[in-house]
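# What the coordinates show
Residue-level listing of the chains:
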Amino acid sequence: MGILQELSARFRPDKVKLQLDDIQALILRSRPEPYVGIHSMIHVDEAAGGRDLLRRLADHIPAASGWTDELDSWTGVAISYDGLKALGLPETSLGSFPLAFQQGMAARAEQLRDLGENAPETWEDPYRPGTCHIALTIYARDDDALDDVLAKAEAELEKSTGITLIGTHRFGADEDAKNPFGFRDSISQPLVDGSGVDPLPGQERAIAPGEFILGEDSETGSPLAMPQPEPLGRNGSYIVLRKYQSRVGAFNDFLRGQSADEAEQDYIAAKMFGRWQSGAPLPLAPERDDPELGADPQRNNDFSYEDDHRGLVCPHAAHMRRLNPRDSQLTILSDVNIHRIIRRSSTYGPKWSRDVTSEVDAQEDRGLFFIFISARAFDTIEFLQQEWINRGNFVDLGEERDPVVGLHQTPGTFTIPETPVRRKIDGVTTFNRLRGGEYMFMPSLTALRWIGDGAWEEGASP
């Protein structure tokens, strides 16, 4: 059963409490496997032209109420703060957005630890401050479906004035849905309360919808602050977009330098990620990969760390355990449930191969668009970057950083707890280099039309 068929089988319309017909499908709908798609970035030169484009786009954005439909493709749209300004939103509305969103990702480099080779001055042109105003993402089942929807999108752009297409990037993965390093991706996702979907084993309790959908109650029992007026903010969410270039060859070379054979390479890599390449988690497959387990959504996320407080099975430093500690004992206490994120990451470039070396990294463009959705998106990514990714104090590992996505300005260390003594592996470098990013707002369908119509202007009605 494919991921969308499996999702449809778990959908219970009688349990829906959210306004799904007003929420963009991309927020609550999983991508297909396999998948292809394209990210497009647009600059708004004239407010009227940008609003006209959004007004027409709104009719092509599927709502979350149709997430069990057999769609060949679907589109999502998000807008940066500079984009909202360029579209002519009134100052009262612009000022109601969070400060971090107003400043933009590049201006938050210190809070994000985007330094050195990850600093904004090294980013690709479409991600330079103030450049990307509208981000358009299209997912499709296959290349034919993508080509069909691209033709329609291009026709809409040709009708447009006052906008400039500043960049596009195609992406995709086969039915294994693996990331650039050959690991099955986006397995663990939070369950949104009121979305009408039954939980999978291991999904833990449903998270309050206000952690993801603006205007709904959050984990605190009340809604988070929402952009104003209500037609603009309600049923929207926030997006963090970060494009990474993956140094797969450097990662392979690192593993070869630490291992006697391929089996040991796979073992160390699994310890670094927290899962084997198939997606089988270490707590359920501690000794060797289990592809059948990794492919089974009823089992591949059904685990805890309750019996692994020392990290002997899954290291505390592992990427997966860092970004979702579950029931781990943390030195620095934090509410894990307010740091949950809905991930919509997409892989681009050639598929992983064990034969790739660091010499190939400069010749082949491969990587990951790390995209996640949260009503606390900016606080969450800055917390993750500061504490869980680029430090190790919260699990008594000092300055040890995430071995997969951490920024290592000097070679770092990865700790594997073992008996009688733990093993420290030196020489960890930056395996994912940041090439750009932005903070975005994903409006509701009502808000897209509200912006497209310029509803705040004299004579217009929201």
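Whatever comes next refers back to the structure up there.
What counts and what doesn't
- Residues numbered from 1 in each chain as written.
- Predicted model: local features only at pLDDT ≥ 70, side-chain atom pairs only at ≥ 80, totals over all residues.
- Heavy atoms only, no water.
- 1 Å grid on protein atoms, 1.4 Å probe; cavity = no way out; pocket = protein on both sides within 12 Å on 5 of 7 lines; lining within 4 Å.
- Points joined across faces, edges and corners; volume = space filled by probe spheres on them.
- Helix = DSSP H or I, 4+ residues; strand = E, 2+ residues; numbered from the N terminus.
- Nonpolar A, V, L, I, M, F, W, Y, C, P; charged D, E, K, R; others polar.
- Axes fitted to C-alpha atoms, helices over the stretch in contact; angles between N-to-C directions.
- Left-handed = near helix turned anticlockwise from the far one by under 90°.
- Contact = heavy atoms within 4.5 Å.
- Buried < 20%, exposed > 50% of the residue type's maximum accessible area, 1.4 Å probe, protein only.
- Polar contact = N/O pair within 3.5 Å; in protein donor to acceptor, adjacent residues only side chain to side chain.

### Overview of empty space enclosed by the protein
Gaps left between atoms show up when a probe the size of a water molecule is rolled over them. Tallied over the full model, the rule gives three cavities of 30 Å³ or more. Around the largest cavity, the lining comprises 33 residues; the ones closest to its centre are D185, H319, M320, L323 and R343. For the lining of the largest cavity, the elements supplying multiple residues, two or more each, are β5 (237-246), α13 (319-323), β8 (367-374) and α15 (377-389). Residue classes in the lining of the largest cavity are distributed as 16 nonpolar, 10 polar and seven charged. In this structure, the second largest cavity occupies an estimated 190 Å³ of space. What lines the second largest cavity is a set of 18 residues, among which H39, A135, T137, I239 and I371 lie closest to the centre. Elements with a minimum of two residues in the lining of the second largest cavity: β1 (35-44), β2 (73-79), β3 (134-140), β5, β8 and β11 (432-442). A per-element tally of the lining of the second largest cavity places β3 first, with four residues. Counted by class, the lining of the second largest cavity contains 13 nonpolar, four polar and one charged residues.

### Concerning the packing of helix α3 (residues 47-57) against helix α16 (residues 445-452)
Close contact between α3 and α16 brings their axes to 7 Å; oriented N to C, the two are set at 145 degrees. The crossing of α3 and α16 is left-handed. Between α3 and α16, the residues in contact are R51, L54 and R55 and L448, I451 and G452, respectively.

### Quick word on the environment of H319
With respect to the element layout, H319 can be found in helix α13. On the basis of relative accessibility, which here comes to 17%, the residue H319 falls in the buried class. For the pair H319 and G274, spaced 45 residues apart in sequence, the C-alpha separation works out to 6.3 Å. Non-local contacts of H319, meaning those with residues more than four positions away in its chain, are made with M272, F273, D402, P403, V404 and V405. Within the structure, the side chain of H319 is placed 2.8 Å from the side chain of D402, a separation counted as a polar contact.

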